[in-house]
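Survey of secondary and tertiary structure
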Amino acid sequence: MGLKAQKSSITISGAVKDKTLNQALPFVNVVLEARADSSFVAGTITNDGGRFTLSEIKPGDYIILVSYVGFETFTGPLFVGSNSEFIDVGSIFIEESLQKLDEVEITASKDAVTSALDKKTYKIDANVSQSGGSVLQSMSNLPGVTTQDGQVQLRGNSKVMILLDGKQTAITGFGNQNGLDNIPASAVEKIEIINNPSAKYDANGNAGIINIILKNEEQSGFNGKAGLSAGIGALWVRKENLPGIRPQYQATPKINPSVSINYRKNKVNLFVQLDDLYTHTLNKNEFVTRTYDDGTIIDQQLKRNRNTNFFTSKAGLDWFINSNNTFTISGFFSKESIKDYGDQPFFNGNTGESLRLWQFLEDEVLTAAMTSFDYEHKFVQPGHKLTMGFNYTFDREDEKYFFTNSLPTFTTEESFFLIADQKVADFTLDYTKPLRHGLLEAGIKFRQRTIPTDMQFNPSPTNSVLDTGADGKATYKEIIPAIYGNYTYEVKKLEAELGLRLEYVDLTYEVDPNHNTYQSDGYSYLQPFPNTRITYKFNDQNKLSAFFNHRVDRPDEVDIRIFPKYDDAEIIKVGNPALQPQFTNSFELGYKNEWEMGYFYGALYHKVSNGTITRIGTTVDTTNLIYNVSQNAGTSFNSGIEFVISQKLTDKIDININLNGYYNQIDSFTVINLYPIENTYHAEQQEIYSGNIKLNTNFKFKNNLEAQVTAIYLAPDIIPQGTINSRFSLDAGVKKIIQKGKGELLLNATDLLNTMVIEKEIKGNNFSYTSTDYYETQVIRLTYNYKF
């Protein structure tokens, strides 16, 4: 699964002084010995200012010896922990009489399942069975991660904050996640999963954080990597169309050229990365049967053939002004062009009579640009630094939707156009200082975000289905200042972390006064968001951690957006400007046991969310149209257990098993939908036991040949107003290293058995429906990469 090996080295710093005169002493010998056998580990001398640095030190127990002509040799115990990359032991005073230094705790950082059990890191290049596709596809077989409706879920929860190089962007979403299915995996170096974020991170995303780290080399001279991936999907028709519509896409092409270039000389590092992902996809092929209380039955199909071209580019410059100061300027640009060619026939389920044929072209262009300015100052003490950053993002959603609505008695041609421009400015200031027993972090952040939207309906002169009083203009405005502090403390057996983020949010949503349903609304709050962690270390191989987090999920602009969306002719989505934030308290107990050939990681978790954000579907008249409106559905609970077992069976085979079982509950609730007319919906309590199992098996053969097989099972789960049935898929891939290690060939296939089908059951106020989506899941890809 590409689980990175944990970093095993840290940097120790300190100073040596004359205790009598309190003066720094230069050229003092500082030696580190192993406590077990007094063997030499590292040594150095102090500089003119009396300071010393010992690098590449592994966690463990040591003895430090400080010797200087005319002074007594100082000897003291040192414990190297596993929590921070840098530590300052402070000043060591030497004099004629022997003085022992109090025990010093020194900490290190880890990149895999950390000793704090709060983060997992995975290398994309090692994900052989999913290479060549999108980031979303690559994440689908990571432990604890599932995908549904184009979004990732952590432990069955989609409220995940997605970061790109540690920052929120328009590409991945400032509120709800988006765009992951179109970001090429070839652009990504690694993925970090943080289930229990500290106060350093924004408070939104109660399920956790996924940080996508793009490739960025810093080697001296000219170097880089180029690649080309080609594939084919939808190899056969899994279910024939209903009568009278255009064919489904078959043998869909995929192509993804990519190149990353880096040039570093002296104090300047230049980097450029380009990716272009072009695909044809059977994006949706959903068959639905709707049943109403009056006996009406409607059979329908929504088939969406999609053409996508997604270009991404990143370029920048690192200027190493001197050993203490670095300035970075970078830019990110992307353009995503999507054309959906859709057909949606409707038939009377009792008689077979054709009721309607809805055919559409959705032409959407998403353009995003981000500029970042970052400055870092390193103090004399290693790890002691101050960073400042400013990011400005602009992205435009330009959507044109044309449709033909054919009924037995008439046919109309209509359209609607949407323009939404998002502008986001972020300023951050972060301070980090290693301490004798841990690490101190503090900082501030300020965000200003505006999204003016303009929806224009173009109805036919007669028999229009468009709600012409519901278009117009609206503006989303958000201001968020925040301040945080986070302190980590560690001694030999115990680690503790305490953080607090104080966040103020002022959100207003200005609605066109001519809108036929909604009016301007918003909310504001000032809240503390604490996080705590306590880790007990039984020994170097066994650790137990307890966590608490308080987090928020703010409604995104699309949840609030007041304009009805007609991409499904008879199931219409509408936002709600009165939507409120969802607050969540999370509790977790994690345990990790390591041995020579593998490890075991387990966690018990419990989340309680108030004001759960979801969509509620209701019918309001005799048209049988269903309106899905954003609402706060009251209190929900998510409790579960997660296991990850990694074991090297032989020198050629290793496995990684992830089991995640959880209990989801949504309490009974009553909401009032205002659109299209006021109506009340009541839901009884929903609950279900669910989970998923993932098995990754990696093989290493002779001649630099590797293989990976991934099996995924997702159990039935609850969704708003219903359930989603179980799903299963099997992926496989092989990788061959060629050209003396500079080149690699990869061949993989997703959903080998073509078994990944989405089945849902929904219950409304006077209707129910079942749906089965035979969308494209089976894809075969061939990839070539070359390093230079």
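What counts as what
Residues numbered from 1 in each chain as written. Predicted model: local features only at pLDDT ≥ 70, side-chain atom pairs only at ≥ 80, totals over all residues. Heavy atoms only, no water. Helix = DSSP H or I, 4+ residues; strand = E, 2+ residues; numbered from the N terminus. Buried < 20%, exposed > 50% of the residue type's maximum accessible area, 1.4 Å probe, protein only. Contact = heavy atoms within 4.5 Å. Areas by Shrake-Rupley, 256 points an atom, 1.4 Å probe, with all protein chains shown as cover. Core = buried A, V, L, I, M, F, W, Y, C linked by side-chain atoms within 4.5 Å. Phe/Tyr/Trp six-rings, centres within 6.5 Å; stacked < 30°, edge-to-face > 60°. Lys NZ or Arg CZ within 6 Å of the ring centre and 35° of its normal. Pairing = 2+ DSSP bridges. Axes fitted to C-alpha atoms, helices over the stretch in contact; angles between N-to-C directions. Salt bridge = Lys/Arg side-chain N within 4 Å of Asp/Glu carboxyl O. pLDDT = per-residue confidence, 0-100. Polar contact = N/O pair within 3.5 Å; in protein donor to acceptor, adjacent residues only side chain to side chain. Lys, Arg positive; Asp, Glu negative; His and termini not counted.

Of the regular secondary structure elements, the chain holds two helices and 46 strands. Across its three principal directions, the C-alpha atoms of the chain cover 105 × 60 × 50 Å. Classification of the 788 residues of the chain by burial places 53% in the buried group. In the chain, once contacts between residues fewer than 6 apart in sequence are set aside, the share between residues at least 24 apart is 68%. Accessible surface computed for the chain: about 31,900 Å², of which carbon and sulfur atoms make up 56%.

With that settled, the discussion passes to the nonpolar core. The biggest cluster of nonpolar side chains holds 50 residues, and the ones touching the most others in it are Trp358 and Tyr566. Broken down by element, this core gets its largest block of residues, four residues, from strand E26 (residues 494–511). In this structure, Tyr566 is in contact with Trp358, Tyr401, Phe416, Phe457, Val465, Leu466, Asp467, Ile572 and Tyr675, ignoring residues within four places of it in sequence. If you look at the next biggest cluster of nonpolar residues, it comprises 32 residues, including Ala170, Ile183, Ala185 and Ala187.

This structure, assessed with the given rule, holds 26 aromatic pairs. With a centroid separation of 5.7 Å and an interplanar angle of 35°, the aromatic rings of Tyr68 and Phe71 are classed as tilted. In this structure Phe71 comes out as partly exposed when scored by relative accessible area, which is 23%. Centre to centre, the rings of Tyr536 and Phe538 are 4.9 Å apart; their planes meet at 85°, and the pair counts as edge-to-face. Residue classification places Tyr536 among the partly exposed residues on the basis of a relative accessible area of 36%. Grouping aromatic residues by their ring pairs yields a cluster made of Trp358, Phe360, Tyr401, Phe403, Phe416, Phe457 and Tyr566. Lys592 extends its terminal NZ or CZ atom over the ring of Tyr599, reaching a point 5.2 Å from the ring centre.

Moving on to the pairing of strand E28 (residues 542–553). Most of E28 sits inside the fold, with nine of its twelve residues counted as buried. Bridging between strand E27 (residues 521–539) and E28 involves eight bridges; their strand directions are antiparallel. Bridge pairing links Arg533 to Phe547 in E28. Linking two consecutive strands that pair antiparallel, namely E27 and E28, is a turn of two residues. Bridge analysis of E28 against strand E30 (residues 582–595) gives twelve bridges, and the strand direction is antiparallel. Bridge pairing in E30 links Phe547 to Glu588.

The sheet built from four strands is open, its strands ordered E10-E14-E15-E13 with mixed pairing. In the strand order of this sheet, the two ends are held by strand E10 (120–123) and strand E13 (160–164), each with one partner. Geometrically, the sheet is characterised by an average inter-axis angle of 15° between neighbouring strands, direction not taken into account.

Attention now goes to the sheet that holds strand E29 (residues 571–574). Taken in spatial order, the three strands make up an open sheet running E29-E33-E32, and their pairing is mixed. Each edge of the open sheet carries a strand with a single partner, namely E29 and strand E32 (613–618). Sheet twist, expressed as the average angle between the axes of neighbouring strands with direction ignored, equals 30°. As paired elements, E32 and strand E33 (residues 626–632) share six bridges and run antiparallel to each other. Note on E33: the bridge partner recorded for Thr618 is Tyr627.

With the rule as written, the count across this model stands at 42 salt bridges. Across the pair Glu570 and Arg356 runs a salt bridge whose closest N-O atoms are separated by 3.0 Å. Remark: Arg356 occurs in strand E21 (residues 354–378) and Glu570 occurs in the loop between helix H2 (557–560) and E29; sequence separation between them is 214 residues. We note a salt bridge from Arg449 to Glu478, for which the minimum N-O separation is 3.6 Å. Separated by 29 residues along the polypeptide, Arg449 in strand E24 (residues 438–458) and Glu478 in strand E25 (residues 472–490) bring together distant segments of the chain. Sharing partners across several salt bridges, the network here consists of Asp202, Asp426, Lys445, Arg447, Arg449, Glu478, Arg501, Glu503, Arg554 and Asp556.

Cis geometry marks the peptide bond from Tyr675 to Pro676; its omega dihedral reads -5°. In this structure, Pro676 sits in the loop between strand E36 (669–673) and strand E37 (679–683). Although it is not a glycine, Asn463 adopts a positive phi angle of roughly 55°. Positionally, Asn463 belongs in the loop between E24 and E25. Overall, the relative accessible area of 43% leaves Asn463 in the partly exposed class. A positive phi angle, near 60°, is found at Asn704, a position not held by glycine. Mapping Asn704 onto the fold places it in the loop between strand E38 (686–701) and strand E39 (705–714).

Moving on: the confidence of the model for the chain. One rule of thumb: low pLDDT means the predicted coordinates there are not for detailed reading. With 95% of its residues at a pLDDT of at least 70, the chain reaches an overall mean of 89. Between residues 1–7, whose pLDDT stays under 50, and residues either more than four places distant or in other chains, the model counts 33 contacts. Under a pLDDT of 50 for its full length, residues 98–112 has, in the predicted model, 81 contacts with residues more than four places off or in other chains.

Locating Ser726 in the fold gives a position in the loop between strand E41 (722–724) and strand E42 (727–738). Owing to a relative accessible area of 32%, Ser726 belongs among the partly exposed residues under this scheme. With 32 residues separating them in the primary sequence, Ser726 and Ile758 have C-alpha atoms 8.1 Å apart. If we ignore the near neighbours within four places in the chain, the residues touching Ser726 are Tyr713, Leu714, Ala715, Pro716 and Val757.

Let's shift gears to the side chain of Arg533. Mapped onto the secondary structure, Arg533 falls in strand E27. In this structure Arg533 comes out as buried when scored by relative accessible area, which is 2%. There is a polar contact of 3.0 Å between the side chain of Arg533 and the side chain of Glu495. A distance of 2.8 Å separates the side chain of Arg533 from the side chain of Thr535, its partner in a polar contact.

This part takes up the side chain of Lys607. Tracing the sequence through the fold places Lys607 in strand E31 (residues 598–610). Buried charge without a salt bridge: Lys607, with Glu588 as the nearest opposite-charge side chain at an N-O distance of 6.0 Å. There is a polar contact of 2.8 Å between the side chain of Lys607 and the backbone oxygen of Asn206. In contact with Lys607, other than residues within four places in its own chain, are Asn157, Asn206, Ala207, Thr584, Asn585, Ser586, Ser636, Phe637 and Asn638.

Secondary-structure assignment places Ile64 in strand E6 (residues 60–67). It is 5.7 Å that separates the C-alpha atoms of Ile64 and Thr75, two residues lying eleven residues apart in sequence. Beyond its immediate sequence surroundings of up to four residues, Ile64 is in contact with Val30, Val31, Leu32, Phe52, Phe74, Thr75, Gly76, Leu78 and Ile92.

Turning next to the environment of Lys473. By the secondary structure assignment, Lys473 is in strand E25. A C-alpha to C-alpha distance of 37 Å links Lys473 and Tyr774, two positions 301 residues apart in sequence. Discounting chain neighbours no more than four positions away, the residues touching Lys473 are Thr453, Asp454, Glu510, Val511, Asp512 and Phe563.

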